[in-house]
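The residues making up each chain are set out below.
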Amino acid sequence: MDKFRVLDLFCGAGGFSCGLDMVDGFTTEIGLDFDESALNTFKKNFPNAYCKCGNICDENVKAEIISECKNRHVNMIVGGPPCQGFSLKGKNLGLKDPRNFLFMEYVNIVSKVKPQIFVIENVKNMIKSSNGYFINQIVSHFKELGYTLNYGVLNASNFGVPQTRERTIIIGTLNKKGISLPKSHVKKIVTVRDAISDLSYLESGEGDDKSIYKNTPQSEYQKLLRNGSESLYNHKATNHSKVALDKLKMVPPEGDKSFIPVELHGKQKFKTTWSRLEWDKPSPTIDTRFDTPSNGKNSHPYLNRAITPREAARIQSFPDNFVFYGKKTSICKQIGNAVPPLLAKAIAEHIKKNS
């Protein structure tokens, strides 16, 4: 295959598509999501794609997407259907568990569009849940449709992303030989310092939706992600309360909450709350609440604030010219839920080479 024309299901802001479109021959044709704010970000970053805000379970939405796939000759589908039912409790019903209905809708769309290739991204424990019961069900559903599947867990840090984010990746193809998962190709792990050292100047409450770069790039990774961007977007620090700032001031550079008196730890009992990122390691998994120090290890290595959306986007490997739109809570959700673009790029390069 020379041309990969992609439908991105559950596309969110477009991390998967961003990475795929970095590879010659891949074009995101369609994006579907029910979150209007995330889809607005997708739309503005992929102006040539057909964007649909709607529920994949709605028959009219489904018909519209399938029709548009035919119009645009879609031959590849990607996406990460949210699955809450992959647990021992859900095993009795298997994929018929109502909490897995979105997964079945993904299967349904694949059965109607019949792409040459599809890729599913999901939580790490999808493979092991219920002793492999669910992954075996998934394989058999797609096998009935004529697909050969390969799957495993990939760590984003092995593909140039400054973050230890582990995710299940499933690659399905109509080619009987199948396509394996890409192997790690990084000689040197990218760190938090590589990702955000040039952005380390804002204090709590400072910054703007659009600003100028104050520093020159300080790493190859920063040069890569600046990607010709003339302005800096979404680099705006949370305006923390006095209580939060007082706690952060107790935590030394790269320290954790053990420096805060136990009676001030608050309701969050996770070990990582009120912890700072470490400069010379990858970040832990970025989630949707990275703007809140009490949520986990997401405070700046030495400044008294949580990381900004742009710093989180850097840690997720979004280029600087990828702009996020919406309210702060929505932007945080868009970034935290995304597939890291450099992981998606590695998958696309591997698929291109092996299909």
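Fair warning: this is a prediction, and the values are worked out from it, not measured in the lab. (Residues numbered from 1 in each chain as written. Predicted model: local features only at pLDDT ≥ 70, side-chain atom pairs only at ≥ 80, totals over all residues. Heavy atoms only, no water.)

**Student:** Whenever I open this one, the overall build of the chain confuses me. Can you help?
**Tutor:** Helix and strand counts for the chain stand at 11 helices and 13 strands. Relative to a compact globule of 355 residues, whose C-alpha radius of gyration would be 20 Å, the chain shows 21 Å and is just as compact. Principal-axis analysis of the C-alpha atoms places the extent of the chain at approximately 60 × 45 × 40 Å. A buried classification covers 56% of the 355 residues belonging to the chain. (Helix = DSSP H or I, 4+ residues; strand = E, 2+ residues; numbered from the N terminus. Rg over C-alpha atoms; globule rule 2.2 N^0.38 Å. Buried < 20%, exposed > 50% of the residue type's maximum accessible area, 1.4 Å probe, protein only.)

**Student:** What's the story with the packing of helix 4 (residues 101-113) against helix 5 (residues 133-144) in this structure? I'm lost.
**Tutor:** In a packed pair of helices, the relevant descriptors are the angle between the two axes and the axis-to-axis distance. Where helix 4 meets helix 5, the closest approach of the two axes is 10 Å, and the angle between their N-to-C directions is 20°. In terms of orientation, helix 4 lies roughly parallel with respect to helix 5. You can see that helix 4 and helix 5 cross each other, and the crossing is right-handed. Contacts between helix 4 and helix 5 involve Phe-103, Met-104, Tyr-106, Val-107 and Val-110 on the former and, on the latter, Ile-138, His-141 and Phe-142. (Axes fitted to C-alpha atoms, helices over the stretch in contact; angles between N-to-C directions. Parallel < 35°, antiparallel > 145°, perpendicular 65-115°, else oblique. Left-handed = near helix turned anticlockwise from the far one by under 90°. Contact = heavy atoms within 4.5 Å.)

**Student:** What's the story with helix 8 (residues 242-250) in this structure? I'm lost.
**Tutor:** Note: α-helices contain 3.6 residues per turn, so residues at a spacing of three or four share the same orientation. Of all the positions in helix 8, only Ala-244, Leu-245, Lys-247 and Leu-248 are classed as buried. Across the axial projection of helix 8, the buried residues extend over an arc of 160°, all falling on one side. Within helix 8, the exposed residues directed more than 90 degrees away from the buried face are Lys-242, Val-243 and Lys-249. Contacts from the buried residues of helix 8 go to strand 11 (275-276) and strand 13 (297-299). (Arc of directions from axis to C-beta.)

**Student:** Sorry, what's going on with the packing of helix 9 (residues 309-316) against helix 10 (residues 328-337) here?
**Tutor:** For the pair helix 9 and helix 10, the least separation of the axes is 9 Å and the interaxial angle reads 10°. It follows that helix 9 is roughly parallel to helix 10 by the angle criterion. Contact residues: helix 9 offers Pro-309, Ala-312, Ala-313 and Gln-316, while helix 10 offers Ile-331, Ile-335 and Gly-336.

**Student:** Any chance you could explain the packing of aromatic side chains here in plain terms?
**Tutor:** Two numbers describe a pair of aromatic rings. These are the distance of the centres and the angle of the planes. If you walk through the whole model with that rule in mind, you get 12 aromatic pairs. Taking 6.0 Å as the distance between ring centres and 50° as the angle between the ring planes, the aromatic pair formed by Trp-279 and Tyr-302 counts as tilted. Remark: Tyr-302 occurs in the loop between strand 13 and helix 9 and Trp-279 occurs in the loop between strand 11 and strand 12 (283-284); sequence separation between them is 23 residues. Plain terms: the ring middles of Phe-322 and Phe-324 are 5.2 Å apart, the flat faces sit at 50° to each other, and that makes the pair tilted. According to the relative accessible area criterion, Phe-322 is buried, its value standing at 4%. Three or more aromatic residues link up through ring pairs in this structure, and these residues are Phe-42, Phe-46, Phe-318, Phe-322 and Phe-324. (Phe/Tyr/Trp six-rings, centres within 6.5 Å; stacked < 30°, edge-to-face > 60°.)

**Student:** Could you clarify how one ought to interpret the environment of Asn-215 in this entry?
**Tutor:** Relative to the assigned elements, Asn-215 resides in the loop between strand 9 (207-211) and helix 7 (220-226). Among all residues touching Asn-215, those that are not within four sequence positions of it are Asp-198, Tyr-201 and Arg-226. At 2.9 Å, the side chain of Asn-215 forms a polar contact with the backbone oxygen of Asp-198. (Polar contact = N/O pair within 3.5 Å; in protein donor to acceptor, adjacent residues only side chain to side chain.)

**Student:** Just checking my understanding: could you explain the pairing of strand 8 (residues 166-173) for this structure?
**Tutor:** The side chains of a regular strand alternate between the sheet's two faces. Burial runs high along strand 8: seven of the eight residues are buried. Where strand 5 (residues 117-123) and strand 8 come together, seven bridges link them in antiparallel fashion. Looking at the pairing, Ile-117 lines up with Thr-173 of strand 8. Alignment of strand 6 (residues 148-155) against strand 8, held across eight bridges, turns out to be antiparallel. The residue bridging Tyr-151 from the neighbouring strand is Ile-170, located in strand 8. (Pairing = 2+ DSSP bridges.)

**Student:** Would you take a moment to explain the nonpolar core for this structure?
**Tutor:** Grouped burial of nonpolar side chains is what soluble globular proteins tend to show. By size, the foremost hydrophobic cluster in this structure holds 55 residues, and its most contacted members are Met-76, Val-119 and Ile-351. It is helix 11 (residues 341-354) that contributes the most residues to this core, seven residues altogether. Aside from chain neighbours lying at most four places away, what touches Met-76 is Phe-4, Arg-5, Val-6, Leu-7, Leu-20, Phe-26, Pro-115, Ile-117, Val-119 and Ile-351. The next biggest cluster of nonpolar side chains, apart from the first, holds 30 residues, and it includes Phe-103, Val-107, Ile-109 and Val-110. (Core = buried A, V, L, I, M, F, W, Y, C linked by side-chain atoms within 4.5 Å.)

**Student:** Any chance you could explain the sheet that holds strand 6 here in plain terms?
**Tutor:** Whenever strands of a sheet pair, they do so through backbone hydrogen bonds, lying parallel or antiparallel. If you trace the seven strands from one edge of the open sheet to the other, you get 3-2-1-4-5-8-6, paired in mixed fashion. Both edges of this open sheet fall to strand 3 (50-53) and strand 6, since each of them pairs with a single strand only. Averaged over neighbouring strand pairs, the angle between their axes works out to 20° when direction is ignored. Contacting strand 1 (4-9), strand 2 (26-33) and strand 3, helix 2 (residues 36-45) crosses the sheet at an angle of about 175° to strand 3. Strand contacts of helix 4: strand 1, strand 4 (76-79) and strand 5, with the helix running at about 170° to strand 4, the strand carrying the most contacts.

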